[in-house]
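Summary of structural features
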Amino acid sequence: MSRRPLVRVCPPTTWYFRQPRYLRYMSREITSIFVGAYCVLLVVALQRLAAGQAAWEGFLLALQSPLSIVFHLLALVAAVYHAATWFNATQKAMPVQIGEDFLPGNVISGAHYVAWVVLSCVVLFLAGVF
Amino acid sequence: MKQRVVQLEVLRYNPDTDSEASFQRYEVVCQDEWVVLDALNKVKESIDPTLNYRWSCHMAVCGSCGMMINGEPKLACHAFLRDYEGVIRIEPLAHFPIERDLVTAPDDFMEKLKRVKPYLIPKEKKSLSDGEHRQTPAQLMKFRQYSMCINCMLCYAACPEYGLDPEFVGPAALTLAHRYNQDSRDGGRLARQEVVATHEGVWTCTFVGACSEVCPAHVDPASALQQMKITSSIDWIVEHLIPGGKA
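The rules behind each value
- Residues numbered from 1 in each chain as written.
- Chains lettered and ligands numbered in written order.
- Predicted model: local features only at pLDDT ≥ 70, side-chain atom pairs only at ≥ 80, totals over all residues.
- Helix = DSSP H or I, 4+ residues; strand = E, 2+ residues; numbered from the N terminus.
- Buried ≥ 20, exposed ≤ 12 C-beta atoms within 10 Å, placed from the backbone.
- Contact = placed C-beta atoms within 7 Å.
- Axes fitted to C-alpha atoms, helices over the stretch in contact; angles between N-to-C directions.
- Parallel < 35°, antiparallel > 145°, perpendicular 65-115°, else oblique.
- Left-handed = near helix turned anticlockwise from the far one by under 90°.
- Domains from an automatic or database assignment.
- Nonpolar A, V, L, I, M, F, W, Y, C, P; charged D, E, K, R; others polar.
- Pairing = 2+ DSSP bridges.
- Core = buried A, V, L, I, M, F, W, Y, C linked by C-beta atoms within 7 Å.

A look at the overall build of chain A
The helix and strand inventory of chain A stands at four helices and two strands. Along chain A, helices (α) and strands (β) appear in the sequence α-α-α-β-β-α when read from the amino end. Looking at chain A residue by residue over its 130 residues, the buried ones come to 5%. Pairs at least 24 residues apart make up 44% of the contacts formed inside chain A by residues separated by at least 6 positions.

Encoded structure:
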């Protein structure tokens, strides 16, 4: 008699189709590709800037192409989603205990959203938007 | 009392005769307020006495009756039939080897539980005459939720990282390490870090968060693991980047 326990293998490439929560997780992770791609774009921008005025103006012109605008819109949506998922996660990683009670999670996440808005305004101010 | 015919599709596996598991359908008359465990008991009593599954308390305390119900890790005693429509598919807990039918082998979890030293390692030795180790309510609240784990292993069945990499110490064991690390009477954190702050420890966790969503005891393993990632990172910074620093 063998009496072998049956070992089941988790499918390495399709496991995230098993449950909606896994798909939500993967969608969060996939947004990082756009965030990474945008970082590469910023590095390229710096390189173009260092290469002189003609190179920089060529780069600015390329940014106005339809493909570039579509990429920027996708990257914006992905970055906002990425940031929101992580702000929502902060309440788990950084609980704040006051006496016997814990601060409600949405206060911790909310503080991050507020900091995000404030810092974004500072960046826009430094960029001369207002 | 209202009755209803419930169709159960149960994964069966007999290690003596089967090379693969296969589903068997049962039709069973149930009371409306029953849970899935009641339906399984009815099957065993009146339809098929060869069906195997674990259970004990019938009130979500013992953690024995964990199984996949329609693909979701659940305690069978905590899954009300009225919440399900159509055929209810019942499988053994995912990611664990099947011993027989719905019974899985918990050996891997038990071994990992031992590795995290899930017990108080007192900060300082006290003799009996020195009295008890006192703790304020605030100090208790710091770890209380993490002490509520009933070792049901639903979090392991929900965790895709554990399914993909069985070396992962996993949510419940690491959460218990955190529970003792957070205890004001404990001084064993550095000893536990040998297991916690490794690739198989917290760093295999990618924060899917499924463990916390399925926990029937409302423990939040995902939060415990993320907090341990932060303390482990601080240890690393202190040790490697601060001259003379020691974790």
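Regarding the packing of helix H3 (residues 66-93) of chain A against helix H4 (residues 105-126) of chain A
When two helices pack together, their arrangement is captured by the angle between the axes and the distance separating the axes. All names here are of chain A. Taken N-terminus to C-terminus, the directions of H3 and H4 make an angle of 140 degrees; their axes are 7 Å apart at the nearest point. By the angle class used here, H3 and H4 are oblique. Relative to H4, the crossing made by H3 is right-handed. Contacts from Ala 83, Phe 87, Asn 88, Thr 90 and Gln 91 in H3 reach Gly 105, Ile 108, Ser 109, His 112, Tyr 113 and Trp 116 in H4.

A few points about the domain arrangement of chain A
Annotation of chain A at the domain level lists domain 1 (10-78) and domain 2 (94-130). Each of domain 1 of chain A and domain 2 of chain A was reduced to a C-alpha centroid, and the two centroids are 25 Å apart.

Quick look at helix H6 (residues 171-181) of chain B
Of all eleven residues that make up H6(B), eleven are buried, and the element is covered over most of its length. Turning to H6(B), its buried residues are Pro171(B), Ala172(B), Ala173(B), Leu174(B), Thr175(B), Leu176(B), Ala177(B), His178(B), Arg179(B), Tyr180(B) and Asn181(B).

A few points about the packing of H6(B) against helix H9 (residues 221-241) of chain B
Residues and elements named next belong to chain B. The geometry of H6 relative to H9 is characterised by a closest axis approach of 9 Å and an angle of 60 degrees between their N-to-C directions. Here H6 lies oblique to H9, going by the angle between them. Our pair here, H6 against H9, has a crossing hand that is left-handed. Contacts between H6 and H9 involve Pro 171, Ala 172, Leu 174, Thr 175 and His 178 on the former and, on the latter, Pro 221, Ala 224, Leu 225, Gln 227 and Met 228. Of the residues assigned to the contact of H6 with H9, the class counts are seven nonpolar, three polar and no charged.

Regarding the domain arrangement of chain B
Residues and elements named next belong to chain B. Examined at the domain level, chain B breaks down into domain 1 (3-104) and domain 2 (107-241). Computed over C-alpha atoms only, the centres of domain 1 and domain 2 are separated by 30 Å. Between domain 1 and domain 2, the contact holds 14 residues from the first and twelve residues from the second. The set of elements that each furnish at least two residues to the side of domain 1 that touches domain 2 consists of strand E3 (66-69) and strand E4 (72-75). The element that contributes the greatest number of residues to the side of domain 1 that touches domain 2 is E4, accounting for three residues. Classifying every residue of the side of domain 1 that touches domain 2 by side-chain character gives nine nonpolar, four polar and one charged.

Comments concerning the interface of chain A and chain B
On the side of chain B, 27 residues touch chain A, which itself brings 22 residues to the contact. If you list the elements that add at least two residues to the side of chain A that touches chain B, you get helix H1 (20-50) and H3 of chain A. The residue inventory of the side of chain A that touches chain B, partitioned by class, reads twelve nonpolar, four polar and six charged.

Some details on the pairing of E4(B)
Residues and elements named next belong to chain B. Here four bridges tie E3 to E4, and the two strands are oriented antiparallel to one another. Counterpart to Met 67 in the pairing with E4 is Lys 74. Between E3 and E4, which pair antiparallel in sequence order, lie two residues; one of them, Asn 70, sits at a positive phi of approximately 50 degrees.

A word on the nonpolar core
Residues and elements named next belong to chain B. Counting residues in each nonpolar core, the largest one holds 59 residues, and the members touching the most others are Val 36, Met 67, Ala 76, Met 153, Cys 155 and Leu 174. Among the elements of the structure, strand E1 (3-12), helix H1 (36-46), E3, helix H4 (154-158), H6, helix H8 (210-214) and H9 are those that each provide at least two residues to this core. With six residues, H6 is the largest single contributor of residues to this core. In terms of domain composition, this core takes at least three residues from each of domain 1 (3-104) and domain 2 (107-241).

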